[in-house]
Amino acid sequence: MPAGTQFDFAHVETSPDATSYRAQVGWERRYVRLLVLFDAIACVISAGLAYFVRFGDVVDFDTEPPSSKPYIIMTVLLPLAWVLAMSLNRAYETRFLGGGSEEFRRVVNAAARLTALLAVASYATKAEIARSYVLIAFPAATLLSVAGRSAGRGILHRMRRQGRCLHRVLVVGAGESAATLVRLAQRDPTTGWSVVGVCLDRLPGRHSHDRPERSGFDLLGVPIVGTSENLHTAIQATHATTVAIGPQMDGETLRRVLWALEGSDVDVLVSSALTDVTGPRISIRPVAGLPLLHIEEPELTGTRRLMKMAFDRIVAGTAILLFAPLLIGLGLAVRLTSRGPAIFKQTRVGRGGSEFRMYKFRSMYVDAEQRKAELESSNERAEGLLFKMRDDPRITKVGKFLRKWSLDELPQLFNVVNGSMSLVGPRPPLPSEVARYEDDVYRRLMVKPGLTGLWQISGRSDLEWNESVRLDLRYVENWSLAMDFVILWRTLFAVLRREGAY
């Protein structure tokens, strides 16, 4: 039904054979089979590599096993056990595939449990299995499985940008909550949502935001196809596979909706009124038979933070040593092609509002700050606190190359080593920006700013101010080491795509 088409609410009735509807999501089964293939191939390669290293005279081991037959059997059976372990740990559940870090966490958990099971079985049966074989096969299989999942996710996201492999979503709720869900789906096609219709919790009326005179019976270009009372008819009319329900729906109505959708294979998602809080912070706590959401405080101190700090400094220090020739070469290129120092130092605001000196390769002429006032009228980010121009005349030729490939940010590795920044975190703001913050935005300063972050992998300079703030706050509320690993991995591809790099 195209936008602007008026839907006749007077003739909408619940179909007597509504329960005969079955949602069809064939692409999910094909995608799961692809992941199973990736996992099996990863384990075959890892088992073969471990066998080759152990018995191929690549490394001289002090002791040789009496027979290689058990290892041949294990090399053959391990891929089957690996896929089975992934399945038992629900690493193939479709609700975890395509987004977030939960999919990767389940892969790692499955690998750890299979390793522990093999160790116990080996001890119980007194089987002689070389530790070198296990230490090679299982970590390699885990890394290759994660890499395979990442490759599969990249393929899925590419197809979704082309309008394929999408869930047909029917949004149910009040005008504003429904509009919020529609905006979220339209903002990022990689979420896999194709909103095919909206069901309001009431008929459009004279005093509602979605009245016909204003929207032509559509909401943000999505047709309004009914109300929650005739949900089954709307599902069949739109061939929806998922129903997304806004937070305003009362419990009694929601219960009846769930009963009505039983046996239809339609996924039901209920939006929480508490936005940007996800993952392990949310759990269900039954109280007197009533399921309530329990919201944990964000973990901003403790063991996980110490692990993050250690990881940051080890990785940054190692990167500095590995990239030392590149750092020296880029510094010379900046210094020799334009007047001024190679390193640009600028005061930024870090955790808790403390100021620090951030390092970057200089990508602008030395009089860039003085010329900024002349270019204020050309600011492409006038809706927020940032100054951004796609073709900024203050940027040097070498600076354009550095920014194109994000090489100007490499000196921030020294900020990570000295503890003023983290590898992953919110964008480091200027003091002038912080002085104009609204109260909620100050939560960005509860963690260290990062060399990369959600803003980096979601569009960078192309993002609007409000969207960059939302992403930073989302990271503060839900940060974890698993999320950091995912962001670091996706940063590599964001740099290669060069989206928003100017």
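An account of the accompanying structure is given in this report. Counting starts from 1 at the beginning of each chain's written sequence and moves along it residue by residue. Local features in a predicted model are, by the rule used here, given only for residues with pLDDT of at least 70; side-chain atom pairs are given and counted only at 80 or more, and totals for whole chains, interfaces and linings are based on all residues. Each side-chain value is worked out from all heavy atoms of the structure, with water and hydrogens disregarded.

Topic: a positive patch on the surface
Now for step 1: Taken together, the side chains of Arg29, Arg30, Arg33 and Arg164 present a region of like positive charge at the surface.
Now for step 2: Elements are defined by DSSP. Helices are runs of H or I of four residues or more, strands are runs of E of two residues or more, and each kind is numbered from the N terminus. By the secondary structure assignment, Arg29 is in helix H1 (residues 26–55). Here the term patch refers to residues with relative accessible area over 30% and no salt bridge, with like charges joined within 9 Å and nonpolar side chains (Val, Leu, Ile, Met, Phe, Trp, Tyr) within 5 Å. In these tables, accessible area is a Shrake-Rupley quantity obtained with a 1.4 Å probe, and a residue counts as shielded only by the protein chains included in the view. Take a side-chain nitrogen of Lys or Arg and a carboxyl oxygen of Asp or Glu: if they are within 4 Å of each other, that pair is a salt bridge. Residues scored as charged are limited to Lys and Arg (positive) and Asp and Glu (negative), so that His and the chain ends carry no count. Charged groups are reduced to one reference atom each: NZ for lysine, CZ for arginine, CG for aspartic acid, CD for glutamic acid.

What to know about the nonpolar core
Now for step 1: Grouped together as the largest cluster of nonpolar side chains are 32 residues, with contacts concentrated most on Phe361, Leu402, Leu410, Leu413, Tyr475 and Ile487.
Now for step 2: The set of elements that each furnish at least two residues to this core consists of helix H9 (303–322), helix H10 (324–337), strand E10 (355–361), helix H12 (397–404), helix H13 (412–417), strand E11 (422–424), helix H15 (465–478) and helix H16 (481–497).
Now for step 3: Residues Leu35, Tyr71, Leu78 and Tyr92 belong to the second largest nonpolar core, which totals 30 residues. Each nonpolar core is a collection of buried residues, namely Ala, Val, Leu, Ile, Met, Phe, Trp, Tyr and Cys, held together in the definition by side-chain atoms within 4.5 Å. Exposed residues in this analysis have more than 50% of their type's maximum accessible area, buried residues have under 20%, and partly exposed residues fall in between, with area computed by a 1.4 Å probe over protein chains only.

Describing the environment of Val417
Now for step 1: On the secondary structure map, Val417 appears in helix H13.
Now for step 2: Through-space distance from the C-alpha of Val417 to that of Thr318 is 10.0 Å; in sequence the pair is 99 residues apart.

Focus on the pattern of salt bridges
Now for step 1: The final tally for this structure, using the stated rule, is 12 salt bridges.
Now for step 2: Measuring nitrogen to oxygen at the nearest pair gives 2.9 Å for the salt bridge that ties Arg106 to Glu102. Taken as a pair, Arg106 and Glu102 lie in helix H3 (residues 102–125) at a separation of 4 residues, close to a single helical turn.
Now for step 3: Assessed through its relative accessible area of 11%, Arg106 is described here as buried.
Now for step 4: The shortest N-O distance in the salt bridge between Asp484 and Lys308 comes to 2.5 Å. Taken together, the residues span a long stretch of sequence, with Asp484 in helix H16 and Lys308 in helix H9 at a distance of 176 residues.
Now for step 5: Using a relative accessible area of 8% as the deciding quantity, one classes Lys308 as buried.
Now for step 6: Sharing partners across several salt bridges, the network here consists of Asp39, Glu103, Arg149 and Arg153.

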